[in-house]
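# Structural description and commentary
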Amino acid sequence: MLYLLTDEDRDNRLYRPQKTQEALEEELDLRGVTYGLDQLDLVLEILVGSGLVFMIPDAPSDRYQLVHDYLVSYVRQEHIPELSESCSKD
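Residues numbered from 1 in each chain as written. Predicted model: local features only at pLDDT ≥ 70, side-chain atom pairs only at ≥ 80, totals over all residues. Heavy atoms only, no water.

## Topic: the pattern of salt bridges
Under the defined criterion, the tally for this structure stands at seven salt bridges. Here Asp 11 ties to Arg 13 by a salt bridge, and the two come within 3.2 Å at their closest N and O atoms. Both residues of the pair, Asp 11 and Arg 13, belong to the exposed class. In the salt-bridge network here, residues are joined through shared partners; they are Asp 9, Asp 11 and Arg 13. (Salt bridge = Lys/Arg side-chain N within 4 Å of Asp/Glu carboxyl O. Buried < 20%, exposed > 50% of the residue type's maximum accessible area, 1.4 Å probe, protein only.)

## Here we look at the confidence of the model for the chain
Low pLDDT marks regions whose predicted coordinates should not be analysed in detail. In this model, the chain carries an average pLDDT of 86, and 86% of its residues clear a pLDDT of 70 or more. The low-confidence segment residues 83-90 (pLDDT under 50) makes one contact with residues lying over four places distant or belonging to another chain. (pLDDT = per-residue confidence, 0-100. Contact = heavy atoms within 4.5 Å.)

The following block contains the structure:
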């Protein structure tokens, strides 16, 4: 989930976009991840409660964002090999 709250721009600069729960669901679906909505709600609640992710109240949907820029490169470095490995198994 933390990885989904990071991205790269055209110049390969890392950043932490604000994403709605619906956008996160779409990205999980594109990656073929099986989950229940209650599981996703729980994970987001834990990440917000732990202080790793901001929940930004908005209408019509709340948005989520990683709390600090310095976490983006760490999250991307830690999960890229794992994601590459899982994609090569498919």
